[in-house]
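Descriptive structure summary
Take a look at the letters that make up each chain.
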Amino acid sequence: MSAESNEREKKHNPHVYQWIEALKENPDDQEVQTKLVKEYEQLVQTLARKFSKGTIHDDLVQVGMIGLLAAIKRFDPELGKSFESFAVPTIIGEIKRFI
């Protein structure tokens, strides 16, 4: 693991990358999926709020969560990006498609 990756993991919950790997190995693990959703719930709500002009905010949160789950499934740490950097465009993309 590179020094940059180590530094990135120190800034965020160090378990996130382990949880993502565990979920990829066992996609039916609801406990791990719940941990990841709770970890990034505030991020999804913030992004949904940004786009909720005249649209029902709760719907955008739900759609954002779908984007989060898609990002979890597609994330590859070998690309050198943090999970958050990878997830934000995916979440925004789902929200924009819904709008």
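One structure accompanies this document, and this report is about it. (Residues numbered from 1 in each chain as written. Predicted model: local features only at pLDDT ≥ 70, side-chain atom pairs only at ≥ 80, totals over all residues. Heavy atoms only, no water.)

1. Focus: the packing of aromatic side chains
This model, assessed by the stated rule, comprises four aromatic pairs. In textbook terms, an aromatic cluster arises when at least three aromatic residues are bridged by ring pairs, as seen for Tyr17, Tyr40, Phe75, Phe83 and Phe86. (Phe/Tyr/Trp six-rings, centres within 6.5 Å; stacked < 30°, edge-to-face > 60°.)

2. Here's the deal with the environment of Pro89
Mapping Pro89 onto the fold places it in helix 5 (residues 83-98). C-alpha separation for the pair Pro89 and Leu68, spaced 21 residues apart in sequence, amounts to 9.7 Å. (Helix = DSSP H or I, 4+ residues; strand = E, 2+ residues; numbered from the N terminus.)

3. Re helix 5
Residue pairs spaced three or four apart in an α-helix point in one direction, given the helix's 3.6 residues per turn. The terminal C-alpha atoms of helix 5, which comprises 16 residues, lie 23 Å apart, in line with the 22 Å expected from a rise of 1.5 Å per residue. Buried within helix 5 are the following residues: Phe83, Glu84, Phe86, Ala87, Thr90, Ile91, Ile92, Gly93 and Ile95. At its buried positions, helix 5 is contacted by helix 2 (16-25), helix 3 (30-50) and helix 4 (57-74). (Expected span 1.5 Å × (residues − 1). Buried < 20%, exposed > 50% of the residue type's maximum accessible area, 1.4 Å probe, protein only. Contact = heavy atoms within 4.5 Å.)

4. As for a negative patch on the surface
Together, Glu21, Glu25, Asp76 and Glu78 line one region of the surface with negative charge. Tracing the sequence through the fold places Glu25 in helix 2. Residue Glu25 is classed as exposed on the basis of its relative accessible area, which comes to 69%. (Patch = residues over 30% accessible without salt bridge, like charges linked within 9 Å, V, L, I, M, F, W, Y side chains within 5 Å. Areas by Shrake-Rupley, 256 points an atom, 1.4 Å probe, with all protein chains shown as cover. Salt bridge = Lys/Arg side-chain N within 4 Å of Asp/Glu carboxyl O. Lys, Arg positive; Asp, Glu negative; His and termini not counted. Charge placed at Lys NZ, Arg CZ, Asp CG, Glu CD.)

5. Some details on the pattern of salt bridges
In this structure the tally under the stated criterion is two salt bridges. In this structure, the salt-bridge partner of Lys35 is Glu31, at a minimum N-O distance of 3.7 Å. With Lys35 and Glu31 both in helix 3, this residue pair falls four residues apart, about one helical turn. A salt bridge links Glu94 to Arg97; the shortest N-O distance between them is 3.0 Å. A residue pair is termed a helical-turn pair when its members lie 3 or 4 positions apart in one helix, as Glu94 and Arg97 do in helix 5 at three residues.

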